[in-house]
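So the chains spell out like this:
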Amino acid sequence: MSEIETCVDEMSVPDAGDDTQRRFRYQINFTALKCLQTLRDGSDVRAVYCEHVEDVLIEHVDGSLTGIQVKSRELNQKPFRSNDQAVQGSLIRFCVRDARYPGRFRQFVLATNFVFFAGDGVNDLRNVLKRCRENPSHEGCGTRDRIVAYLKLVAGAAGVPVEGVVRTLARVVLEERRTGIDQPDIEIVHALGEFPALRELPWAELAVMAKGLRAHVWEVSSLGLSGFILDVHDVVENLPQHLDRLRTARKRVDGDVLRSLIQPQSVSGELLAIAGFTTRESIPPGLGKMELKMAAGSISYADIDEMKDDVSSLDTAFLRWKEKYGLTEANKRLAHFQHFAKRAARDAEKTAERTGAPYGPAMFEALKVEAGAISQAEASTLFGCRAEHLIGAAGLLSEECRVWWDPSRTLPLTETE
């Protein structure tokens, strides 16, 4: 060890800053585990917001919310009591949020890596919450009841009536993880391994995924903005409101985001392609040939408009890949999508020929069915994208004259031609 290293080592003293980071790291790991619920079969979690309104905000499929406060404590410390400042502060926040957004919150969760004090009196938070659920009017309780006094204290600090505090706390549940502050690092790896699509991957690859997921949650937990610079500098009537919306969208982690974050590394080396693939810097904004060919196939204006939206969705994905992984990888992924889109279009053509129905509309409906089947069968190789992105790839192939919507396979002339 060098003289400088020895000197620095001797200077080592407890630092409040690194302890704060360590505790926030626990919250990040906790949040990442909640995010994985969006991909769990049967889960009603639609999305998770990181450090937005609460430490963790859960959006359920019915639109209701669950607010979560996360508290950490070393295992050699005393259990959390009702009168602890951290506990009271969380309950006060819950009451304030519930009063400000009435009817939005399904429940509130006070979570800890440790435990809550167990006893007979008001110091046991379970007793306070049980009273709010089972005896909200405090029947049979004396005028000097300590739980009533505690509720009045919370009500005064929150600036809401005692009745409102009781209604909110009746929906508060406690989550005791009973783990060390550092343990969730490995829990994320174990949770990833429970998904059937990831179960056979090497442990080291799951660890890399966990690290990437943790890094994303950490990144979006701040107020910083990322993404397209032009979005941040958009000319809008209310810029602060626009930036707030961008931040909120950035903090949202849903199933699509999760799938892109936990994509197996081996997928990138197994991408498919098509002969004569056109490498590009971007997807062209004009889709005139595609529109003419679809119109020649008697496809309705609404369906053509839908196809244009799907191409636009693919364009957004392509730009995101280009920004995150570089142009070469973005083109590899686009070629991979076009491979599946070309196969789906070919099968859709055969279906249209068999049905005897108007060719173009029949082919378009068959294409949607084929794209849906491929998106399910190849979900692990589509980088979190949907069937609509595959349909958009077929639209792009149509613009390149590789997919046609009528048997004649001719491009009608425009009036200017």
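Just so you know, these numbers come straight off a predicted model, no measurement behind them. Per chain, the residues get numbers from 1 upward, laid out in the order the sequence is written. Thresholds applied to this predicted model are a pLDDT of at least 70 for local features of residues and 80 or more for the giving and counting of side-chain atom pairs; totals over whole chains, interfaces and linings are not thresholded and use all residues. Note that water and hydrogens are dropped before the side-chain values are worked out from all heavy atoms of the structure.

Peer 1: Quick one: what's the story with the packing of helix α5 (residues 146-158) against helix α6 (residues 162-169), residue by residue and with numbers?
Peer 2: Packing of α5 against α6 leaves a shortest axis separation of 9 Å and a crossing angle of 105°. By the angle between their directions, the pair α5 and α6 is classed as roughly perpendicular. Where α5 approaches α6, its residues Leu151, Lys152, Val154 and Ala155 are matched on the opposing element by Val162, Val165, Val166 and Leu169. Note that Gly is not counted as nonpolar here; it falls among the polar residues with everything else outside the nonpolar set of Ala, Val, Leu, Ile, Met, Phe, Trp, Tyr, Cys and Pro and the charged set of Asp, Glu, Lys and Arg. Tallied by class, the residues present in the contact of α5 with α6 amount to seven nonpolar, no polar and one charged. Here an axis means a line fitted to C-alpha atoms, over the contact stretch when the element is a helix, while the angle between two N-to-C directions is reported on a 0 to 180 degree scale. Runs of H or I in DSSP of at least four residues are treated as helices and runs of E of at least two as strands, each being numbered from the N terminus. Working definition: roughly parallel below 35 degrees, roughly antiparallel above 145 degrees, roughly perpendicular at 65 to 115 degrees, and oblique for all remaining angles. Any pair of residues with heavy atoms lying within 4.5 Å of one another is described as a contacting pair.

Peer 1: Explain the state of the cysteines to me, and be specific about the residues and the numbers.
Peer 2: Here, two cysteine sulfur atoms that lie within 2.5 Å of each other are counted as a disulfide. All chains considered together, the criterion is met by zero disulfides. Here Cys132 stays unpaired: no disulfide links it, and the sulfur of Cys95, its closest cysteine neighbor, is 8.5 Å away. What makes Cys132 buried here is its relative accessible area of 3%. Cys35 provides the cysteine sulfur closest to Cys385, a residue in no disulfide bond, and the two sulfurs are 19 Å apart. Accessible area is worked out with a 1.4 Å probe on protein chains only. A residue is then buried under 20% of its type maximum, exposed over 50%, and partly exposed in between.

Peer 1: Help me get a handle on the packing of aromatic side chains, residues and values and all.
Peer 2: Centres within 6.5 Å are what make two rings of Phe, Tyr or Trp a pair, Trp counting through its six-membered ring; a difference in plane orientation under 30 degrees is then read as stacked, over 60 as edge-to-face, and the rest as tilted. One pass over the full model with this rule turns up nine aromatic pairs. Comment: the charge-over-ring label is applied if NZ (Lys) or CZ (Arg) is within 6 Å of the ring centre and within 35 degrees of the ring normal. Lying over the aromatic face of Phe80, Arg73 brings its terminal NZ or CZ to 3.9 Å of the ring centre. The side chain of Arg333 reaches across the aromatic face of Phe383, ending 3.8 Å from its centre.

Peer 1: Can you lay out the pairing of strand β1 (residues 45-52) for me, pointing to particular residues and giving the numbers?
Peer 2: The side chains of a regular strand alternate between both faces of the sheet. Where β1 and strand β2 (residues 54-60) come together, six bridges link them in antiparallel fashion. Across the sheet, Tyr49 pairs through a bridge with Leu57, a residue of β2. Connecting β1 to the antiparallel partner β2 that follows it, the hairpin turn spans one residue, and Val53 within it adopts a positive phi of roughly 70°. Here, any two strands with at least 2 DSSP bridges between them count as paired. Note that β1 and strand β6 (residues 252-254) share three bridges and pair antiparallel. When the bridges of β6 are listed, Tyr49 appears paired with Arg252.

Peer 1: Outline helix α14 (residues 327-355), supporting the account with residue identities and numerical values.
Peer 2: What a helix is expected to span follows from its residue count: subtract one and scale by 1.5 Å. The terminal C-alpha atoms of α14, which comprises 29 residues, lie 41 Å apart, in line with the 42 Å expected from a rise of 1.5 Å per residue. Once α14 ends, the next one or two residues include Gly356, with phi positive near 80°.

Peer 1: Hey, could you go over the side chain of Glu54 for me, with residue numbers and the actual values?
Peer 2: Following the sequence through the fold, Glu54 ends up in strand β2. You can call Glu54 buried: its relative accessible area is 1%. For Glu54, the residues in contact, after removing those within four places along its chain, are Gly67, Ile68, Gln69, Arg93, Phe94 and Arg97.

Peer 1: Residues and numbers for the nonpolar core, please.
Peer 2: The definition of a nonpolar core used throughout is a set of buried Ala, Val, Leu, Ile, Met, Phe, Trp, Tyr and Cys residues joined through side-chain atoms within 4.5 Å. Judged by nonpolar contacts, the single largest core of 43 residues is most densely connected at Met294, Met307, Phe337, Met363, Leu367 and Trp405. Secondary structure elements with two or more residues in this core: α12 (288-296), α13 (301-325), α14, α15 (359-377) and α16 (387-399). When residues of this core are assigned to their parent elements, the largest contribution, nine residues, is made by α14. Once residues within four sequence positions are removed from consideration, Met363 is found in contact with Ala345, Ala348, Glu349, Ala352, Val403, Trp404 and Trp405. Counting 35 residues, the second-largest nonpolar core is a separate cluster that includes Val48, Ile188, Met209 and Leu213.

Peer 1: Can you lay out helix α3 (residues 85-100) for me, pointing to particular residues and giving the numbers?
Peer 2: Taking 1.5 Å per residue as the helical rise, α3 with its 16 residues ought to reach 22 Å, and the 22 Å between its terminal C-alpha atoms agrees with that figure. Of the positions making up α3, those classed as buried are Val87, Gln88, Ser90, Leu91, Phe94, Cys95, Arg97 and Asp98.

Peer 1: Describe the sheet that holds strand β3 (residues 65-71), and please don't skip the residues or the numbers.
Peer 2: Here we have six strands laid out as an open sheet, ordered β5-β4-β3-β2-β1-β6, and mixed in their pairing. Looking at strand neighbours, the two that pair on one side only are β5 (172-176) and β6, the edges of this open sheet. Averaged over all pairs of adjacent strands, the angle between their axes in this sheet comes to 25°, without regard to strand direction. Contacts from helix α4 (residues 125-134) reach β4 (105-112) and β5 within the one sheet, and its direction differs from that of β5 by about 150°.

Limitation: the analysis is restricted to geometry and does not speak to function.
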